[in-house]
Amino acid sequence: MSMTMSPSPALADDERAAILEAVRDFAETELAPHALEWDETKTFPVDTLRRAGELGLGGIYVREDVGGSALSRADAVAIFEELAVGDPAIAAYVTIHNMVAWMIDTYGSDAQRQEWLPMLTSMQGLGSYCLTEPGAGSDAAAITTSAIRDGDDFVLTGVKQFISGAGSSSVYIVMARSGEPGARGITAFLVPADAAGLSFGANEKKMGWNTQPTRQVILDEVRVPAASVLGSEGQGFKIAMSALDGGRINIAACSLGGAQWALDRAIRYVHERFTFGEPLAEKQSVVFTLADMATELRAARALVRDAAAALDAKADDASMQCAMAKRYATDAGFRVANEALQLHGGYGYLHEYGIEKVVRDLRVHQILEGTNEIMRVIIGRELLGA
């Protein structure tokens, strides 16, 4: 197993500005003009993702020897926020792909890193994270997908639910039970897309995130060599949870980007829309609403940045800070987007204005990477020393 990476130093201000400007330009030219069409047609823009890979967005905090950008978590959340201004659903998938790449970089053997990461960091191949099951969501330690040892192989059988990128990815990190009940019996496996016995359910019909596929991953006696174990046997739950710390602040950053876009549109709209002889911007209730929206977003951004810095520093309370940031920022992001829709009146409900899409996309951020109720459990347990 590779040694866990030391935190990357944050970029200098001028380097950071240059990278964010390039990401902003990519979001404005490659994502934003197509976001509504992709949403309507349920298109997963793989070619666009490959161009994101050319920018270094496929392995943002992966080491450079396998094509990664080796940036810090603090830099990553700023990047994901900018991407989400262009399209929150695509930005969210990029965060999941980066989580998969980070898991292989951090816990994988040298052979696993060399096999998978050049492909993933360039986004010539995509990655999926397979933890949730039809009967095991928030109680992730209760998964039942089995991994039975057979000589030099493991045989995996089970179903994974709500898997982003399923059917399009090149590699699936699958959490399966190789031992005793509970967290200590779970092992992580690298399963290639062409593995015999691997299949996928229909693309789910969802409220939002329509531009990325969400399908079941079905494992019917999928045979993988013992060399496909990520980390060590019985370490899978720990690996999965460590990945989710970063996943939580990343999805929080996507909420910030989507909500900021909606707020900017609302500010522009209230200047343009006249009612009762004056612009909406002259109404005190509208002014107060915008002030609260901007304040909530700024507070959320501070929490996300603090949590990213804590993760970079390996702070003892980093998991709690990530849970706080995820809970607050995804709640705030949805509220801000919903208020932006309200300020647009009936026009906010129309697809062509883009506001209702952001509302739909951001709603699921309060559910995935651990529901916001589970975030409160994590925070409360930490506070109480449980």
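The coordinates are above.
Residues numbered from 1 in each chain as written. Predicted model: local features only at pLDDT ≥ 70, side-chain atom pairs only at ≥ 80, totals over all residues. Heavy atoms only, no water.

Student: Outline the layout of surface pockets, supporting the account with residue identities and numerical values.
Tutor: Any space left empty among the atoms is revealed by the rolling of a water-sized probe across them. The computed volume of the largest pocket comes to approximately 1200 Å³. What lines the largest pocket is a set of 38 residues, and nearest its centre among them are Thr 132, Ile 367, Leu 368, Glu 369 and Gly 370. Elements with a minimum of two residues in the lining of the largest pocket: helix 5 (88-107), strand 3 (153-164), helix 7 (236-272), helix 10 (355-363) and helix 11 (372-384). In terms of residues, the lining of the largest pocket owes the most to one element, helix 7, which gives five residues. Looking at side-chain class alone, the lining of the largest pocket contains 19 nonpolar, 10 polar and nine charged residues. (1 Å grid on protein atoms, 1.4 Å probe; cavity = no way out; pocket = protein on both sides within 12 Å on 5 of 7 lines; lining within 4 Å. Points joined across faces, edges and corners; volume = space filled by probe spheres on them. Helix = DSSP H or I, 4+ residues; strand = E, 2+ residues; numbered from the N terminus. Nonpolar A, V, L, I, M, F, W, Y, C, P; charged D, E, K, R; others polar.)

Student: Before we move on, can you summarise the environment of Gly 108 with the specific residues and values?
Tutor: One can find Gly 108 in the loop between helix 5 and helix 6 (110-121). With relative accessibility at 0%, the residue Gly 108 sits in the buried group. (Buried < 20%, exposed > 50% of the residue type's maximum accessible area, 1.4 Å probe, protein only.)

Student: Hey, could you go over the packing of aromatic side chains for me, with residue numbers and the actual values?
Tutor: Applying the stated criterion to the full structure yields five aromatic pairs. Judged by centre distance (5.9 Å) and plane angle (90°), the rings of Trp 102 and Tyr 107 are edge-to-face. Pair check on accessibility: Trp 102 and Tyr 107 agree, each one buried. Here the aromatic rings of Tyr 347 and Tyr 353 are separated by 5.4 Å at their centres, their planes lie at 40°, and the arrangement is tilted. Judged by its relative accessible area of 36%, Tyr 347 falls in the partly exposed class. Given the relative accessible area of 34%, Tyr 353 is considered partly exposed. Here the guanidinium or amino end of Arg 73 rests over the ring plane of Trp 102, the centre of that ring lying 5.0 Å away. (Phe/Tyr/Trp six-rings, centres within 6.5 Å; stacked < 30°, edge-to-face > 60°. Lys NZ or Arg CZ within 6 Å of the ring centre and 35° of its normal.)

Student: Describe empty space enclosed by the protein, with residues and values.
Tutor: Evaluated as defined, the whole model comprises two cavities of 30 Å³ or more. Each pocket or cavity is described by its volume, and for the largest cavity that value is around 40 Å³. Every residue along the wall of the largest cavity is listed here: Phe 26, Leu 31, Thr 48, Leu 49, Ala 52, Leu 57, Leu 83, Ile 90 and Val 94. Among the elements of the structure, helix 1 (13-31), helix 3 (46-54) and helix 5 are those that each provide at least two residues to the lining of the largest cavity. When residues of the lining of the largest cavity are assigned to their parent elements, the largest contribution, three residues, is made by helix 3. For the lining of the largest cavity, the per-class residue count stands at eight nonpolar, one polar and no charged. Lining the second largest cavity we find Val 77, Ala 78, Glu 81, Leu 256, Arg 301, Val 304 and Arg 305. Of all the secondary-structure elements, those providing two or more residues to the lining of the second largest cavity are helix 4 (73-86) and helix 8 (284-312).

Student: Would you mind going over the pairing of strand 2 (residues 146-150) in detail, with residue names and values included?
Tutor: Bridge count for strand 2 against strand 3 is five bridges, and the pairing is antiparallel. Note on strand 3: the bridge partner recorded for Ile 148 is Val 155. A loop of two residues connects strand 2 with strand 3, the two strands running antiparallel in sequence, and Gly 151 in this loop sits at a positive phi of about 65°. (Pairing = 2+ DSSP bridges.)

Student: Describe a nonpolar patch on the surface, listing the residues and the values that go with them.
Tutor: Taken together, the side chains of Tyr 347, Leu 350 and Tyr 353 make up a nonpolar region of the molecular surface, amounting to roughly 250 Å² of accessible area. Structurally, the position occupied by Tyr 347 is in the loop between helix 9 (318-343) and helix 10. (Patch = residues over 30% accessible without salt bridge, like charges linked within 9 Å, V, L, I, M, F, W, Y side chains within 5 Å. Areas by Shrake-Rupley, 256 points an atom, 1.4 Å probe, with all protein chains shown as cover. Salt bridge = Lys/Arg side-chain N within 4 Å of Asp/Glu carboxyl O.)

Student: Explain the pairing of strand 3 to me, using residue names and the numbers behind them.
Tutor: Across the 12 residues that make up strand 3, a large majority, nine, are buried. Bridge analysis of strand 3 against strand 7 (residues 214-225) gives nine bridges, and the strand direction is antiparallel. Looking across to strand 7, one finds that Ile 163 is bridged to Arg 215.

Student: Tell me about helix 10, and name the residues and values.
Tutor: Among the nine residues of helix 10, eight are classified as buried, and the element is accordingly described as predominantly covered. Among the residues of helix 10, those classed as buried are Ile 355, Glu 356, Lys 357, Val 358, Val 359, Arg 360, Asp 361 and Leu 362. Taken together, the buried residues of helix 10 touch helix 2 (35-41), helix 5, helix 7 and helix 9. (Contact = heavy atoms within 4.5 Å.)

Student: Break down unusual backbone geometry for me, citing the residues and quoting the values.
Tutor: Phi is positive for Lys 42, close to 55°, though the residue is something other than glycine. Mapped onto the elements of the fold, Lys 42 is located in the loop between helix 2 and helix 3.

Student: Could you give an account of helix 8, naming the residues involved and the relevant values?
Tutor: With 29 residues, helix 8 ought to run about 42 Å at 1.5 Å a step, and its terminal C-alpha atoms sit 42 Å apart, in line with that. Buried residues belonging to helix 8 abut helix 4, helix 7 and helix 9. Just past helix 8, the residue Lys 314 takes up positive phi, approximately 55°. (Expected span 1.5 Å × (residues − 1).)

Student: Describe the nonpolar core, with residues and values.
Tutor: The biggest cluster of nonpolar side chains holds 102 residues, and the ones touching the most others in it are Phe 80, Leu 83, Met 103, Tyr 129, Ile 173 and Met 175. No other element matches the 18 residues that helix 7 contributes to this core. Discounting residues that sit within four places of it in the chain, Met 103 has contacts with Gly 108, Tyr 129, Ile 173, Met 175, Leu 230, Ile 239, Ala 240 and Ala 243. In terms of nonpolar packing, the next biggest core, distinct from the first, is built from 18 residues, Phe 154, Ile 163, Val 174 and Val 191 among them. (Core = buried A, V, L, I, M, F, W, Y, C linked by side-chain atoms within 4.5 Å.)

Student: Explain the packing of helix 4 against helix 5 residue by residue, including any values.
Tutor: Relative to each other, helix 4 and helix 5 sit at 150°, their axes nearing to 7 Å. In terms of their interaxial angle, helix 4 and helix 5 are classed as roughly antiparallel. Counted together, Arg 73, Phe 80, Leu 83, Ala 84 and Gly 86 of helix 4 and Pro 88, Ala 91, Val 94, Thr 95, Asn 98 and Trp 102 of helix 5 form the full contact between these two elements. Its residues assigned to classes, the contact of helix 4 with helix 5 comprises seven nonpolar, three polar and one charged. (Axes fitted to C-alpha atoms, helices over the stretch in contact; angles between N-to-C directions. Parallel < 35°, antiparallel > 145°, perpendicular 65-115°, else oblique.)

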